[in-house]
Structure formats: C-alpha cells, structure tokens
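# Structural characterization, general
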Amino acid sequence: MADTGGMDRRPTRRRLLSGAVGLAAFAAGGYGVARLTENDPEAAIGRRPIPPATTPTGNGGAFGRAVGGVTPSPSGPPTPEPHTAYLLSLFGAPGSFGGLQGSRAVRTVDVPGWGFGPGQAAYMSTVAADGTVFIGTTPFTDDQAKPTGTGMELGVFDPTANRFTRVAVPSSKGRTAEPRPDAKYRGIGGGDVSDVLVVPAAGRGQRLLFASSMPYYGWNVAQYGTLPTIGQLAPSGRAGWRYDPTTSWDAGRLAGTLPTARSVQAFPAMASAGTRDSRGAAALARLPRSGHVVVAQYFGVTETDRAGRTDQGALFVLDTSGKVHATWQYPNVSVLGQKVVVSPREVVADPSSRLGDERFVVTLDARMTNGKVAPFPVQEFSYSPGDGAPGNGTITPKSTAVRAAQDGTRMETACFASDGTLYVARTTSDGLRAAPLAVYPKIGGERGLVRRAPAVGDWANTSWASTCSADYLVPATARGGLVRGASYDAVTGTVLLAGLDGLVQDVHPAGSGTRMTFRVGAGIDLGLNRLRGPATHYVGLRRGCVDATRRVFWLPANQLILNDIPWPFPPFKLDQWLYRIDLTSFLGR
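A few points on the structure. Treat the numbers as computed from the prediction; the structure is a model and nothing was measured. (Residues numbered from 1 in each chain as written. Predicted model: local features only at pLDDT ≥ 70, side-chain atom pairs only at ≥ 80, totals over all residues. Heavy atoms only, no water.)

With antiparallel pairing, 4 strands are arranged side by side in an open sheet as 3-4-5-6. Looking at which strands have only one partner, the edges of the open sheet turn out to be strand 3 (120-127) and strand 6 (163-169). Neighbour-to-neighbour, the strand axes of this sheet turn through a mean angle of 30 degrees, independent of strand direction. (Pairing = 2+ DSSP bridges. Helix = DSSP H or I, 4+ residues; strand = E, 2+ residues; numbered from the N terminus. Axes fitted to C-alpha atoms, helices over the stretch in contact; angles between N-to-C directions.)

Next comes the structure, spelled out in structure tokens:
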C-alpha cells in the first residue's frame, strides 16, 4: 500500500468542531436561534428584526479605557433605494430548491448543467473582475482527510450567461480520477480545493489561484501522477476558464525552488509514496505591495526525516510563478506547561501595509495533546521579500497569538477594511453560536494586537493565547450561528457576516481609530431551513465574495453528509447551490 504519511489520522478542522450531530442540528434551527415567529413562513426569509440599541465596548489602546460612542440602531429596517433587482436569488440545478421553489422571497434560478462531481461539495468562493464566480470543493465529510470524491475539481459560474462549468483538474499523468487502491476505501481519492484567490495575470487580465489541503491520498504516483498543491485557472476566450498545468505546482516542484535545508521541512518527503507532503495548504491571501501570496499550512510534519517530526503547522509565501520566497515553521507552544498543537487555518492581508512590512493576520485552530479543543486565537505577522530572490524573504511574528477575551470564545474568521481596520468574527465556547464582533483599528500606524501584545521573548510559551481586548466589541452581532465568513464591501464600508444558520448580518462602521461607532442592520435570513427537504442532509454556508462593481454578494451553500453515513462510502452526487444578494437593495447603494 502507498504511504499516506498518517493522513488518515490528521487532526483536521472538522474534528475540532463540537460534533457533527450538534453542528447539523444547530444549522437546521434545532436550537431555535433567532428564528422568526410569523405565521407566514415567507416572512422569515429575506429580513430579520433589528436588534436593540447597543453600545460598542472597547479599551481604545489602553486596557479599561472606553472609546467611541453609542450608536443606537434605527427603529425599523433600513429603507433601500428603489431597485428592480431581486434582493435574494438562488442558483442551482433544476428542481433542487426544496421549499424555496416558488418562494416569494427568493428567486430560484435553474442553471442547466449545474452540478459538482461525485463526492464534491461547494466550499470557499471568490469573484473575478469580469463577474465570474469560482467555488472550491470539500468532501461530504467536511474533513479533507476523509475524501469522498475521486478527483480534484472547481466550480466556475458565469452569471451573465447563466452557465456553470465543472473544471476537472488532471494529474501530472493526465488522470482525472486518482483512486486509492485499498478496496476498503471504495474508489475514493483525488483532492480538495481548499481556497481560491483571483490574482493579476502577467501583462493584463486575471488568473485564478487555488490551493489544496489534501492533494494526495495514497494512490500509486507512478501510475496516476500527482495533483497540484497550488494551481491556476486561466481565461481562454469563449471556452471559459481552463486549468493551466504550466503554472500549477505539486509539493515537489514548490520544494525545488528552495534550498534543501528549507525544503525538507516546508515540503517533507513521503518516501514510500514517491512524492512530497504539502502539509495542508489551507488558505491563501495576496499581499498588496509585493503581490506575493501567503499560504497557511494546516498540518505538521507527519514522517520522521531530516526535518524532524512536529505537530505544528506552518506558513510560506510564494509568487505567481511558483517560486517560494519565505517559509516559517510554527514553534512548539505551551500554556501553563501544557502543550498546544497549532494549525493555521485562515489568512487575511492588510491592504494598507507597505512594501517590506506587509502585514497579515492568521486565524489559528488549536487543540491540546489530549484532543481537547483550545480557544482559537489570531496572530499578526509581517512579510518582507528581502532582495526578491526565492527563499530570501522573511516572515516575522509581530504579535503573539491573542484572544479578545478570556471567556472561552474563539476567534473564528476575519477581514480587513481598506484603512487597515481588522474585524474578527467570534464564536461562543460551544463552537456553534456567534459572539460579539471584535474590532481592532489601526491607531498610530499599528493595531492593538501589536501595541498591546507584541511577539517578544519566548512568546510561544509565555504569552500565547493571552488577552488583547478588542478596541471595540459590537454586542448586537452576537446572534445566529457561528460566522462562516466575514467579508468587506469597499463601496459602503459594510462588514458582512454570514452565519451557519443562514443569517447574513450587515455591520456599518463610522469614524476611525479611537472614535468609531457601529450600526447593525436588519440582516437577511437566507431561508436555509426551507432549502432542506426530507431527503437532504446537512445544509450550510461557506465564505462568500463581494463583487463591488456589480453590487453583488455571492454565498455558496453546500450539502454535506457529516456523520449520516459511515465513512468511507462510494462516491455519489449531492445538490449544491449559490446565493446572490443584491447589495444595492440590501445596503441602500
């Protein structure tokens, strides 16, 4: 049997959540969170009641010192400007819309040919300048170490033509299916697409960069080849977007751009498999000045080799030609003498940072060695490309890993505003419900993460996961399910929070620095409970993307199995969808 480097036992994010049963029950409204009680079920879709007036709380750069002011919410829903577009639209395969079919609140749009391949569920999304929406893929288990498909693919949707294209990614041997040979795995294999990112193309136009957390799952590499750790799609005229193997790289090709001493830890060899380990390329973020891309590596080094075994994740930075400019291995971490395993899950880049000191923030999953989940923190880093030669860049921690409060809440997902203000959506200690949004504005050129919790000395063992109180908390956002994605609309300055239960919240900041206020709007109920039918499984949301030019917010909705069927099971298809929120109708402009 081909060596899998212990991938079956890897502690993925799915295994850190509180349990598939609780997650699915909550998403289905089993906890009764923020559900409306109108007799007309249609009234519960499209709008939510405004929360009561709230006071943002914070410490404005000195612990305990309040800043900002009170922003009472309006007495009723905001009145949008007259607009002919539907507020909510849902795209998918004909006949797949369940209780939303024929809804007065949601326009359902049949897309001929819509559908992902067997075992593939919709995942993270992004949008190109031409309006094309790209959707990554995850297994039905929502656990990349437990694949349910046979190959690697992305979804590409052209809203103008109402055309969906399933782009299969071939291996280095031209294969579009790479099954694991063991009979007990029932033909599964291939890989996921963990993140998608639009980047400028050389000269003009754009390309799509994507990452895979698990691009190898135990097949015979000599027979089936390798799949990319980092890949690209390129536009090809009327043919649409196509996979470009010349600008896509497996872990071995990425390792080849580094000195040997660095490559053995960044991309360790899986000797008996005849390939290298990508270590779980989980997330991508493009830095604003260099144009280089930060990649979060979720996993540690699972084989003992010259690099040495470690459970901790890592980071690396590459350019769009596939050259790795910097690597950084997360150090051993302990809290009160207890070892903590750290897995970088999400990366967001500060658009206001300067060349030579490009800042980015990483959201970290964390667990104790006994498997118990530790509260998730965030951490700020700086990147410098150095002299520009591959391998000569540097990644430097600027803050220690921090939480907004020592109350068991988790830092869940983040986004930056254009001015460098960091917004962090948080989750309650059960991992299922939203906690108040934390806000860290840039004050005097730095955020509170660095000013109040700098990475000094042996920070990984003396200050890891310490409290760095937010400059502001927005209590009115503590409603609905855990936030699956935080997005920023640069036109209105609105922060959009998409929750597990289908609640999309709109947060409207005003002011800057030590004088910020926040209004939380009515939000939108996407009607996920109506999308589920008696034959469907878990249905939830993933990270959306804002098309600021066309005033659209896109949100993938996926259908998963989780623990409904014992894994592994033979690949089959499930319906997946894509929501469209008209931002002019929603936000008023």
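Under the criterion given, the structure shown has 2 cavities of 30 Å³ or more. Taken as a whole, the second largest cavity spans an internal volume of roughly 80 Å³. Taken together, 13 residues make up the lining of the second largest cavity; nearest its centre are P139, P147, G189, G191 and D192. A breakdown of the residues in the lining of the second largest cavity according to their chemical character gives 3 nonpolar, 9 polar and 1 charged. (1 Å grid on protein atoms, 1.4 Å probe; cavity = no way out; pocket = protein on both sides within 12 Å on 5 of 7 lines; lining within 4 Å. Points joined across faces, edges and corners; volume = space filled by probe spheres on them. Nonpolar A, V, L, I, M, F, W, Y, C, P; charged D, E, K, R; others polar.)

The next thing to look at is the side chain of T409. Examined against the element boundaries, T409 turns out to sit in the loop between strand 22 (402-403) and strand 23 (410-416). Exposure remark for T409: the relative accessible area of 9% places this residue in the buried category. Engagement of the side chain of T409 in a polar contact is seen with the side chain of D407, the distance being 2.5 Å. Within the structure, the side chain of T409 is placed 2.8 Å from the side chain of R426, a separation counted as a polar contact. If we ignore the near neighbours within four places in the chain, the residues touching T409 are P375, R403, R426, T427, T428, S429 and A435. (Buried < 20%, exposed > 50% of the residue type's maximum accessible area, 1.4 Å probe, protein only. Polar contact = N/O pair within 3.5 Å; in protein donor to acceptor, adjacent residues only side chain to side chain. Contact = heavy atoms within 4.5 Å.)

In this model, W567 is joined to P568 through a cis peptide bond whose omega is 0 degrees. Tracing the backbone through its elements, the reader meets P568 in the loop between strand 35 (552-560) and strand 36 (577-582). The backbone phi angle of R186 is positive, close to 60 degrees, even though this residue is not glycine. Along the polypeptide, R186 turns up in the loop between strand 6 and strand 7 (195-200). Its relative accessible area of 48% is what places R186 among the partly exposed residues.

Moving on: the sheet that holds strand 14 (residues 293-297). Taken together, the 4 strands give an open sheet; going across it, the order is 13-14-15-16, and neighbouring strands pair in antiparallel fashion. A single partner strand is all that each edge strand has here, and the edge strands are strand 13 (281-286) and strand 16 (324-329). Between one strand and the next, the sheet's axes are offset by a mean angle of 20 degrees, whatever the strand orientation. Pairing geometry for strand 14 and strand 15 (residues 314-318), over 5 bridges, is antiparallel. Bridged to Q297 within strand 15 is A314.

A separate point is the packing of aromatic side chains. Evaluated as defined, the whole model comprises 21 aromatic pairs. Judged by centre distance (5.5 Å) and plane angle (10 degrees), the rings of F360 and F381 are stacked. Taken together, the positions of F360 in strand 19 (residues 358-368) and F381 in strand 20 (residues 378-384) put the pair 21 residues apart, joining distant regions of the chain. Of the residues examined, F360 reaches a relative accessible area of 0% and is grouped as buried. With relative accessibility at 1%, the residue F381 sits in the buried group. Here the aromatic residues F91, W114, F116, F157, F164 and W554 are joined through ring pairs into a cluster of three or more. Residue placement shows R180 over the ring face of Y185; its charged tip is 4.0 Å from the ring centre. (Phe/Tyr/Trp six-rings, centres within 6.5 Å; stacked < 30°, edge-to-face > 60°. Lys NZ or Arg CZ within 6 Å of the ring centre and 35° of its normal.)

Using the criterion set out here, one finds 22 salt bridges in the structure. Put simply, R543 and D195 hold a salt bridge, and the shortest N to O gap is 2.8 Å. Of this pair, R543 sits in the loop between strand 33 (538-541) and strand 34 (545-547) while D195 is found in strand 7, placing the two residues 348 residues apart along the sequence. Close ionic contact of R354 with D357 constitutes a salt bridge, the shortest N to O distance being 3.9 Å. In the salt-bridge network here, residues are joined through shared partners; they are D350, R354, D357, R359, E380, K442, E446 and R447. (Salt bridge = Lys/Arg side-chain N within 4 Å of Asp/Glu carboxyl O.)

In summary, the side chains of a regular strand alternate between the two faces of the sheet. Along strand 21 (residues 394-397), the buried face is formed by I395 and P397; none of T394 and T396, which line the opposite face, is buried. As defined by bridge partners, strand 20 adjoins strand 21 across 4 bridges and the pair is classed as antiparallel. By the bridge assignment, S382 is partnered in strand 21 with T396.

Moving on: the environment of A296. Here A296 shows up in strand 14. Sequence-wise, A296 and A314 are 18 residues apart; in three dimensions their C-alpha atoms are separated by 6.4 Å.

Looking at where V504 falls in the secondary structure, it is placed in strand 30 (residues 503-512). Between the alpha carbons of V504 and G480 there is a distance of 9.0 Å; along the sequence they are 24 residues apart. Not counting residues up to four positions away in its chain, the partners in contact with V504 are L497, A498, G523, I524, L526, F553, L555, I581 and F586.

Here T132 is to be found in the loop between strand 3 and strand 4 (133-139). Using a relative accessible area of 5% as the deciding quantity, one classes T132 as buried. Within the structure, the side chain of T132 is placed 2.9 Å from the side chain of D130, a separation counted as a polar contact.

Judged by how many residues are buried, strand 19 sits mostly within the fold: 11 of 11 residues are covered. Neither face of strand 19 is open: one carries E358, F360, V362, L364, A366 and M368, the other R359, V361, T363, D365 and R367, and all of them are buried. In the sheet, strand 18 (residues 338-349) pairs with strand 19 via 9 bridges, with the strands oriented antiparallel. The residue bridging A349 from the neighbouring strand is F360, located in strand 19. Here strand 19 pairs with strand 20 via 6 bridges, running antiparallel. Pairing of E358 across the sheet is with Y383, part of strand 20.

No statement about biological role is implied by the geometric values presented.
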